[in-house]
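Observations on the model geometry
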Amino acid sequence: MTQPARRGRGSLPVWDPFRELEDLHTRMDRLMQSAFPAGAALGSAGVWAPLADIEDTEDAYLVELDLPGVDKDDITVEVTDSEIDVHGEIKEKERAGVVRRRSRHVGEFDYRTSLPPNTDTAHISAELTNGVLTVRVPKAEKGKAQRIEISG
């Protein structure tokens with residue numbers, strides 16, 4: 001009997017439930033944007049979410065958002081204990097000629113993501129370099145195990 005061919009004998013990817021939730025959130029956003037392109041039903045015409053990556057490093061979470069051509073004064077980063085919110089606006093450029101094709105977003109944008117419980121929200125930093133906003137969310141120090149005396 002012939003055995004099935006095995007491909008990719010490397011290690012199996014690690015299941016990450018947070019990544020699956022983020023992917024589901026992204027797909028739902030795309031579905032809503034295709035169903036309501038102007039966002040009129042939501043009461044905020046033209047609001048969209050920029051593309052983003054979230055990287056889990058040893059000591060921090062890095063959230064990188066693509067915001068080409070946006071001035072840092074047009075971006076606001078707000079943090080609560082459980083969520084980070086980046087919002088702002090990309091302003092329409094004045095043009096001398098006729099626009100034949102438009103595929104870049106303009107108008108207000110809003111990006112939200114949940115934070116894991118092990119974050120240090122008091123020491124978050126943000127930097128805008130070459131059109132990429134990087135928000136660094138440090139991880140809180142893990143509590144050290146300590147032995148508890150039993151009385152009685």
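The preceding data block contains the structure.
Note that the structure is predicted; figures quoted are calculated from it, not measured.

**Concerning the pattern of salt bridges**
The full count for this structure, using the stated rule, is 7 salt bridges. With a shortest N-O distance of 2.6 Å, Asp 56 and Lys 139 are connected by a salt bridge. Taken together, the residues span a long stretch of sequence, with Asp 56 in strand S1 (residues 52-56) and Lys 139 in the segment after strand S7 (132-138) at a distance of 83 residues. Judged by its relative accessible area of 52%, Asp 56 falls in the exposed class. We classify Lys 139 as partly exposed; its relative accessible area is 22%. Residue Arg 136 is joined to Asp 59 by a salt bridge in which the shortest nitrogen-to-oxygen separation is 2.8 Å. You can see Arg 136 sitting in strand S7 and its partner Asp 59 sitting in the loop between S1 and strand S2 (60-66), a full 77 residues away along the chain.

Parameters and conventions
- Residues numbered from 1 in each chain as written.
- Predicted model: local features only at pLDDT ≥ 70, side-chain atom pairs only at ≥ 80, totals over all residues.
- Heavy atoms only, no water.
- Salt bridge = Lys/Arg side-chain N within 4 Å of Asp/Glu carboxyl O.
- Helix = DSSP H or I, 4+ residues; strand = E, 2+ residues; numbered from the N terminus.
- Buried < 20%, exposed > 50% of the residue type's maximum accessible area, 1.4 Å probe, protein only.

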